[in-house]
Amino acid sequence: MVDDKVRAIFERAGCTGSPPARSLGGETEFGPRAEECVAPASVVKALVALVAETWLAEGRLDPRERVTLAADERSYGPAGVSPVEDDAVLSWRDSVVPMPTVGDDPSAGQDLGHAGRAEPVSRSDRASARESARADERLAPTRALTPGAGTRTTPRDMVTPLRLIRSGQAGPADACAPGHGRMARQLTRHRIASAFRTPVRAAKSGGLAGIVRNEVGVVSFPGGRRYAAAVLTTSRPGSDDAAGNAATEAATARTASRAHRTTFASRAHRTT
């Protein structure tokens, strides 16, 4: 069974995961464990960005109003505005841009007893391989990585809004179009996108501490059929990042291709 083959792909990479795919028309869905509760990491920003774009489109936020992101109130992370030393000033409109393209990676520092945003950096710089492995083990039960304690979602819950954003049904047209366009400019291209010759039109990645590796995206097949896919994985502490990304690539290719074959067969049957 394909479900067993997908499960084996993740097991070889030292992780568990679910890669459901659904046609943008909504008539076909395929993939195991679509209802499993997981930690979303940064893929949830696709939804946050949609809400922000909706508020901008409806006039509830002034797109040009400046917002100060104070340095001492930001979480540590390697991208977006997190590593900036000073206060950052952006408009509401521009503050949405990093979320679907590069984003920040907030830490679980409070649960680990870190004193401030600079401390995780200094600890990681000084850590030996053994200390890093122990840190991974401590990270596993933190709220950010425990779906029942922090932010949580399911793979199906991520596929559905992604499909609706792409088809323009998730909100006002002036909110859906910018959200999809910004996800298409995401810098990460080594998970879902690497599995297909045809382009992944829009995607959003998310990861936490090398344990959670997630990505959602829209895959286009020859002939114009498109599918929303969500691959949400959880790895054992100390697992290999490249192996986890390769598992995402292989599992998505298998699942989306099966959904595409199922859709094609169903349409052929209806026309005969």
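Residues numbered from 1 in each chain as written. Predicted model: local features only at pLDDT ≥ 70, side-chain atom pairs only at ≥ 80, totals over all residues. Heavy atoms only, no water.

Caption draft 1: Seen up close, the overall build of the protein chain. A tally of helices and strands in the protein chain yields ten helices and eight strands. Burial analysis of the protein chain (272 residues in total) assigns 44% to the buried set. Counted over contacts in the protein chain with a minimum sequence separation of 6, partners at least 24 positions apart contribute 66%. Carbon and sulfur atoms make up 51% of the accessible area of the protein chain, which totals about 13600 Å². (Helix = DSSP H or I, 4+ residues; strand = E, 2+ residues; numbered from the N terminus. Buried < 20%, exposed > 50% of the residue type's maximum accessible area, 1.4 Å probe, protein only. Contact = heavy atoms within 4.5 Å. Areas by Shrake-Rupley, 256 points an atom, 1.4 Å probe, with all protein chains shown as cover.)

Caption draft 2: Layout of the pattern of salt bridges. Counted by the stated rule, this structure contains four salt bridges. Residue aspartate 241 pairs with arginine 213 through a salt bridge whose shortest N-O separation is 2.6 Å. Highlighted residues: aspartate 241 in helix α10 (residues 241-270) and arginine 213 in strand β7 (residues 212-220), separated in sequence by 28 residues. Judged by its relative accessible area of 2%, arginine 213 falls in the buried class. (Salt bridge = Lys/Arg side-chain N within 4 Å of Asp/Glu carboxyl O.)

Caption draft 3: Spotlight on the confidence of the model for the protein chain. With 72% of its residues at a pLDDT of at least 70, the protein chain reaches an overall mean of 77. Low confidence marks residues 268-272, where pLDDT is under 50. Its contacts with residues over four positions away, or in another chain, come to zero contacts. (pLDDT = per-residue confidence, 0-100.)

Caption draft 4: Summary view of a negative patch on the surface. Residues Asp72, Glu73, Glu85, Asp86 and Asp87 make up a contiguous surface patch of negative charge. Its place among the elements puts aspartate 87 in the loop between β4 (66-69) and β5 (88-91). Given the relative accessible area of 48%, aspartate 87 is considered partly exposed. (Patch = residues over 30% accessible without salt bridge, like charges linked within 9 Å, V, L, I, M, F, W, Y side chains within 5 Å. Lys, Arg positive; Asp, Glu negative; His and termini not counted. Charge placed at Lys NZ, Arg CZ, Asp CG, Glu CD.)

Caption draft 5: Representation of unusual backbone geometry. Of note, alanine 41 is a non-glycine position whose phi angle comes to about 55 degrees, a positive value. Structurally, alanine 41 is set in the loop between β3 (29-30) and α2 (45-58).

Caption draft 6: View of the side chain of serine 235. Looking at the secondary structure, you find serine 235 in strand β8 (residues 226-235). A distance of 2.6 Å separates a polar atom in the side chain of serine 235 from a polar atom in the side chain of arginine 213. Among residues more than four places away in sequence, those in contact with serine 235 are Gly14, Cys15, Gly210, Ile211 and Arg213. (Polar contact = N/O pair within 3.5 Å; in protein donor to acceptor, adjacent residues only side chain to side chain.)

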